[in-house]
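# Secondary and tertiary structure notes
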Amino acid sequence: MLTHRIIPCLDVNDGRVVKGINFSGLKDAGDPAELAESYQNQGADEIVLLDVSATPQGRSTQLDCVRRVRRRLAIPLTVGGGVRRVENAEALLEAGADKISVNTAAVEDPGLLQEMAARFGSQCTVLALDAARFPDRDGFEVVVLSGRKRTGMDALDWAEKATRLGSGEILLTSWDRDGTKAGYDIDLIRGVSERTSVPIIASGGAATPEHMQIAIQAGADAVLAASIFHYAESTVQQIKAALLHKGIEVRP
């Protein structure tokens, strides 16, 4: 039976982990290398590290931060933020990343996904899809620049296109739910799951094992969370134990 991954997320700004609500009001949450090692010891299946200020500031992800985190980790590490060219992705892989996520640059140049998949493999090419509900109609639109810009693009159409171009996984974040602890946006997860066949990492709004259970039942292959881990509201072990109790298969 397929097991589901529990993935802590490290949103990094100037070398420190931060967390806010709807991508704003960021507060310091600790050192990324120390937190990554702690989550690994708790049983995390992977770590996602996102440099949340790289794209808005027009720079690449800080390689030193990635190297420091990698030195403390034996589990897979996905890194994103500021990836605009294949060379940026290559540098991150050389610094210790196992997979590279790309959002804004892929929206601006979808061919980047093709280039990355051809050079590094689809398994290394992750579409970071940040989505918000349309303000004036049903459905979801893609947002970029760490949530600062609405594109008007239909998120489900973009997810389908991105997988055709070579993305082997989707990091799917609800901008509306980010940091709110109101639970994942199930309509968004279900919609993307029905339109694609690649693994989906659900992100945005997790507060309880029940939220994660519902997301998995809606089509998520993995569930990502930040606030509940950073502020010691739950440990990875506690989440996994609760999910196992609910009949959700997770990795030991």
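Notes on the structure follow. This is a predicted model, so every value here is computed, not measured. (Residues numbered from 1 in each chain as written. Predicted model: local features only at pLDDT ≥ 70, side-chain atom pairs only at ≥ 80, totals over all residues. Heavy atoms only, no water.)

## Points about the overall build of the chain
Looking only at helices and strands, the chain features 10 helices and 12 strands. Seen along its three principal axes, the alpha-carbon backbone of the chain occupies a region of about 45 × 40 × 35 Å. Taking all 252 residues of the chain together, the buried fraction comes to 58%. By element, 47% of the accessible surface of the chain is carried by carbon and sulfur atoms, the whole surface being about 10300 Å². Both charge centroids of the chain, one from 28 positive and one from 34 negative side chains, sit 2 Å from each other. (Helix = DSSP H or I, 4+ residues; strand = E, 2+ residues; numbered from the N terminus. Buried < 20%, exposed > 50% of the residue type's maximum accessible area, 1.4 Å probe, protein only. Areas by Shrake-Rupley, 256 points an atom, 1.4 Å probe, with all protein chains shown as cover. Lys, Arg positive; Asp, Glu negative; His and termini not counted. Charge placed at Lys NZ, Arg CZ, Asp CG, Glu CD.)

## Let's talk about the pairing of strand S6 (residues 99-102)
Of the two faces of S6, the one carrying Lys 99 and Ser 101 and the one carrying Ile 100 and Val 102 are both buried. Relative to S6, strand S5 (residues 77-80) is paired through 3 bridges, and the arrangement is parallel. Each residue of the ladder has a partner; that of Val 79, found in S6, is Ile 100. For the handedness criterion, the β-α-β arrangement of S5, helix H3 (residues 86-95) and S6 is classed as right-handed. Pairing of S6 with strand S7 (residues 125-133), which is carried by 3 bridges, proceeds in the parallel orientation. Opposite Val 102, over in S7, you have Leu 127 as the bridge partner. (Pairing = 2+ DSSP bridges. Right-handed = clockwise from strand over helix to strand, strands pointing away.)

## Observations concerning the packing of aromatic side chains
For the structure on display, the rule yields 1 aromatic pair. With 5.8 Å between their ring centres and 50° between their planes, Tyr 39 and Phe 229 make a pair best called tilted. Pair noted here: Tyr 39 is in helix H1 (residues 32-42) and Phe 229 is in helix H9 (residues 227-230), with a separation of 190 residues, a long-range link. We classify Phe 229 as buried; its relative accessible area is 5%. Across the ring face of Phe 134, the terminal group of Arg 137 is positioned such that the distance to the ring centre comes to 3.7 Å. Over the face of the ring belonging to Trp 175 we find Arg 150, whose NZ or CZ atom lies 5.8 Å from the ring centre. (Phe/Tyr/Trp six-rings, centres within 6.5 Å; stacked < 30°, edge-to-face > 60°. Lys NZ or Arg CZ within 6 Å of the ring centre and 35° of its normal.)

## Digging into helix H2 (residues 63-72)
Within H2, burial applies to Cys 65, Val 66, Val 69 and Arg 70. Looking straight down H2, one finds that the buried residues subtend no more than 130° of arc, so they occupy a single side. Those residues of H2 that are exposed and angled more than 90 degrees off the buried face are Asp 64 and Arg 71. Those residues of H2 that are buried are in contact with strand S1 (5-13), H1, strand S4 (47-51), S5 and H3. (Arc of directions from axis to C-beta. Contact = heavy atoms within 4.5 Å.)

## Digging into the side chain of Asp 31
Within the secondary structure, Asp 31 is located in the loop between strand S3 (24-30) and H1. According to the relative accessible area criterion, Asp 31 is buried, its value standing at 13%. Within the structure, the side chain of Asp 31 is placed 3.1 Å from the backbone nitrogen of Ala 33, a separation counted as a polar contact. At a separation of 2.9 Å, a polar atom in the side chain of Asp 31 contacts the main-chain amide nitrogen of Glu 34. Once residues lying within four places of it in the same chain are set aside, the contact partners of Asp 31 are Arg 16, Val 17 and Arg 68. (Polar contact = N/O pair within 3.5 Å; in protein donor to acceptor, adjacent residues only side chain to side chain.)

## Observations concerning the nonpolar core
By size, the foremost hydrophobic cluster in this structure holds 72 residues, and its most contacted members are Ile 47, Leu 129, Trp 158, Tyr 184, Ile 189 and Met 212. Broken down by element, the residue count for this core peaks at 6 residues, all from helix H6 (residues 155-165). Setting aside chain neighbours within four positions, we find Trp 158 in contact with Ala 106, Val 107, Pro 110, Leu 113, Leu 127, Leu 129, Val 142 and Met 153. Counting residues in each nonpolar core, the second largest holds 10 residues, with Ile 7, Leu 171, Ala 222 and Leu 224 among its members. (Core = buried A, V, L, I, M, F, W, Y, C linked by side-chain atoms within 4.5 Å.)

## Considerations on the packing of H2 against H3
Remark: H2 packs on H3, axes separated minimally by 8 Å, with the N-to-C direction vectors making an angle of 30°. With respect to each other, H2 and H3 are oriented roughly parallel. In terms of crossing hand, the pair formed by H2 and H3 is right-handed. Packed against H2, whose contacting residues are Leu 63, Val 66, Arg 67 and Arg 70, the element H3 presents Ala 91, Leu 92 and Ala 95 at the interface. Its residues placed into classes, the contact of H2 with H3 shows 5 nonpolar, no polar and 2 charged. (Axes fitted to C-alpha atoms, helices over the stretch in contact; angles between N-to-C directions. Parallel < 35°, antiparallel > 145°, perpendicular 65-115°, else oblique. Left-handed = near helix turned anticlockwise from the far one by under 90°. Nonpolar A, V, L, I, M, F, W, Y, C, P; charged D, E, K, R; others polar.)

## Quick word on a negative patch on the surface
A surface patch of like charges, here negative, comprises Glu 87, Glu 108, Asp 109 and Glu 115. As for its placement among the helices and strands, Glu 108 is situated in helix H4 (residues 104-108). (Patch = residues over 30% accessible without salt bridge, like charges linked within 9 Å, V, L, I, M, F, W, Y side chains within 5 Å. Salt bridge = Lys/Arg side-chain N within 4 Å of Asp/Glu carboxyl O.)

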